[in-house]
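An overview of the molecular structure
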Amino acid sequence: MANIVAITSCPTGIAHTFMAAEGLEQGAARLGHTIKVETQGSVGAQNQLTAADVAAADVVLIAADTSVDLTRFAGKRIYETGTKEAIKDGAGVVQAALQQASAPAAVKTGGAASIVAITSCPTGIAHTFMAAEGLEHGAAKLGHRIKVETQGSVGAQNQLSNEDIAGADIVLIAADTSIDKSRFAGKRIYETSTKEAINDGAAVVQKALQQATVQSAAAGSAKGEPGKNLADQALAAKAAQSASRSGAYKHLMTGVSYMIPFVVAGGLLIAIGFALGGIYVYDDAHKGTLAANLFWIGKASFQLMVPILAGYAAFSIADRPGITPGMIAGVIADSVGAGFLGGIVGGFLAGYTVRWLNQAIKLPRTLDGLKPVLILPLLGATITGLLMYYVVGGPVAAILAGISAWLKSMQGSSAIVLGMLLGCMMAFDMGGPVNKAAYTFGTGLLASQIYEPMAAIMAAGMTPPLGIALATMLFRNRFSPDEREAGKAAAALGISFITEGAIPFAAKDPFRVIPSIMLGSAVTGAISMAVGAQLHVPHGGIFVLPMPNAVSGLAGYAVAIAVGTVVTALALFILKKPLDTATG
């Protein structure tokens, strides 16, 4: 009697995967052999093989139509076939495996490894590309080959091809959002955060080669502008001081990252519609005109905002089976007036419900393929939808209505205080959890037609790098040559609403820089709220300011940014002392 371990996998990870497993189990039983089959499907690897299982096996049988990583089977006899053969004649495949299996090629233990990687952060801008650069430098330092796909706000760049993945020894994922791993079925995968990749890319690569494990899968690199290396080091220092991101925060940021493009596109299209057709472009008098159609396209994009937020938060928690219940929860949240708060609650409710169902429901192997496409979406949507209607929707809608009424009634000092608070939050950790909390708050309110907080948030997020850049130009004797050079990059990042441009300076001198930028951002946020500036899109920096109706109260808004920038620079002048070796 032989002891066999097996893996089955097909491109979709559903029917053929489980049918092949059933065929092998029945075939082995008929021949009097023992077998354990790991299925690599769309709901994750099930019945996973342990190191003890592999060590005790006489032969390894791979029945797969996708690439399966063989690293953990080093030294074992291996037989490979397709799922079709295992389904048609499981006993014949088992017999052939015992007779024809051969030792695999030696697994690499040294030399140059081939690595494919993905980097991604919630906003898909600075951290995404800085992590990619860190991994590329780290791999080069160790003598390994790497190709990094960046999943950023402009889409995936330097995309991994099927050939890249097939030829890779490991897959390295450095991301703060959920990444779809379906195309990496059977490959050894190592996951970490962007901050680790930025901090020490070589260490991450080395650890990935040592610790990557097989998991089932349910445009070039950023070039360094002046000051880029300083920014990398600073981001690592800032990340080390920040609290570690919780699972819930990561799930929320995944939803936000997918939601942002819908809000940006919708807000700009609505603004263009108003610019072409006037403030009443939605009236019947304009029906069918270009302006009206652009307006309604923008509204359609806005209507998808909450479902996308909820759907991809659920996806981050429960993988693909969570998307349908999550999006349905988002639609219900919108329909009952619960808005983005209801979408967040519904997304988490859907995700954790589906994940629990996936663990709780046990089916025969032949029916397991129905879980991701039928059972989990159906039960998840039913349970989540009913909870949204009968339990969650009403209270959350009341909370959102109260917040909206309070914000709309804000005048004078109360508006100024809110602006100061949001400004301080944007500058406090420059892209970290506090900054993202303020940003998510402002973005979510756009769906409720509350635009003032978003204006204050973007202006306050632009001010830190702009103020620092101004200080490096006006007060040169307070900054080193490297810092003055980095100031040029900070200016470019600041006008693009990338607050991370301030990180190099904050990390080097936190007790002077952070209070200075918080003061400038607080002033900016206060002025923006005081003048009643409104922003209809959640990103874009100065590049959206010239667009008609993208910003209401443009003159006051520009003043807010300018004043906050000057305040930041002056605060740095007061707090920072001249360098002993400064040159003019």
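Residues numbered from 1 in each chain as written. Predicted model: local features only at pLDDT ≥ 70, side-chain atom pairs only at ≥ 80, totals over all residues. Heavy atoms only, no water.

What follows deals with the packing of aromatic side chains. A complete count under the given rule lists seven aromatic pairs for this structure. Between F479 and F505, the aromatic rings sit 6.3 Å apart at their centres with planes inclined by 85°, giving edge-to-face as the arrangement. Of this pair, F479 sits in the loop between α18 (452–474) and α19 (481–495) while F505 sits in helix α20 (residues 503–508), and the two are 26 residues apart along the sequence. Judged by relative accessible area, F505 falls into the buried class, the value being 2%. What links up through ring pairs into an aromatic cluster is the set Y258, Y312 and F315. (Phe/Tyr/Trp six-rings, centres within 6.5 Å; stacked < 30°, edge-to-face > 60°. Helix = DSSP H or I, 4+ residues; strand = E, 2+ residues; numbered from the N terminus. Buried < 20%, exposed > 50% of the residue type's maximum accessible area, 1.4 Å probe, protein only.)

By size, the foremost hydrophobic cluster in this structure holds 68 residues, and its most contacted members are M458, L535 and Y557. For this core, the element with the most residues is helix α10 (residues 247–277), which contributes 11 residues. Contacts of L535, omitting those with residues within four sequence positions, involve L446, Y451, M454, A455, M458, V544, A550, V551 and Y557. Of all hydrophobic cores here, the second largest spans 22 residues; its members include A132, I170, I198 and A208. (Core = buried A, V, L, I, M, F, W, Y, C linked by side-chain atoms within 4.5 Å. Contact = heavy atoms within 4.5 Å.)

Here helix α13 (residues 323–335) contains 13 residues, and its C-alpha end-to-end distance of 18 Å stays within 8% of the 18 Å for a straight helix at 1.5 Å per residue. Those residues of α13 that fall on the buried side of the exposure criterion are I323, P325, G326, A329, G330, I332 and A333. Structurally, α13 contributes buried residues whose contacts are with α12 (305–318), α14 (339–360) and α15 (370–408). Just downstream of α13, G337 is the residue with a positive phi angle, here 85°. (Expected span 1.5 Å × (residues − 1).)

Structurally, T440 can be placed in helix α17 (residues 433–445). According to the relative accessible area criterion, T440 is buried, its value standing at 7%. Ignoring anything within four residues of it in the chain, the contact list for T440 reads M253, V256 and F340.

One pass over the full model with this rule turns up six salt bridges. Note that K36 and D53 form a salt bridge whose closest N and O atoms lie 2.6 Å from each other. With K36 in strand β2 (residues 34–41) and D53 in helix α2 (residues 51–56), this residue pair connects regions lying 17 residues apart in the sequence. For K36, a relative accessible area of 25% translates into the label partly exposed. Residue K147 pairs with D164 through a salt bridge whose shortest N-O separation is 2.7 Å. Linking K147 in strand β7 (residues 145–152) with D164 in helix α6 (residues 162–166), this pair joins segments that are 17 residues apart in sequence. (Salt bridge = Lys/Arg side-chain N within 4 Å of Asp/Glu carboxyl O.)

Over its 14 residues, α12 extends 20 Å from the first C-alpha to the last, a length consistent with the 20 Å expected when each residue adds 1.5 Å. Across the 14 residues of α12, 14 count as buried, placing the element largely inside the fold. One or two residues past the end of α12 sits D319, with phi positive at roughly 65°.

The next thing to look at is unusual backbone geometry. The phi angle at D319 is positive, at roughly 65°, despite the residue not being glycine. With respect to the helices, strands and loops of the structure, D319 is situated in the loop between α12 and α13. When its relative accessible area of 22% is taken as the criterion, D319 is described as partly exposed. Even without glycine at this site, F497 takes up a positive phi of about 60°. Tracing the backbone through its elements, the reader meets F497 in the loop between α19 and α20. F497 gets classed as buried once you look at its relative accessible area, which sits at 5%.

The N-to-C vectors of α12 and α13 enclose an angle of 150°; their axes lie 7 Å apart at closest approach. For α12 against α13, the interelement crossing comes out right-handed. Within the contact between the two elements, α12 uses V306, P307, I308, A310, G311, Y312, A314 and F315 and α13 uses I323, G326, M327, G330, V331, A333 and D334. Here the residues of the contact of α12 with α13 are counted per class, giving 11 nonpolar, three polar and one charged. (Axes fitted to C-alpha atoms, helices over the stretch in contact; angles between N-to-C directions. Left-handed = near helix turned anticlockwise from the far one by under 90°. Nonpolar A, V, L, I, M, F, W, Y, C, P; charged D, E, K, R; others polar.)

Our next topic: the packing of α17 against α18. Running from amino to carboxyl end, α17 crosses α18 at an angle of 145°, the nearest separation of the two axes being 8 Å. In the packing of α17 onto α18, the handedness of the crossing is left-handed. When α17 is examined against α18, the residues A438, Y439, F441, G442, T443 and L445 are found in contact with a partner set consisting of P453, M454 and I457. Considered class by class, the residues forming the contact of α17 with α18 number seven nonpolar, two polar and no charged.

Let us look at the environment of I375. On the secondary structure map, I375 appears in helix α15. When the C-alpha atoms of I375 and I361 are compared, they prove to be 9.3 Å apart, with 14 residues separating the residues in sequence. Sequence-distant contacts of I375, that is, excluding residues within four places in its chain, are made with I361, L363, L370 and G380.

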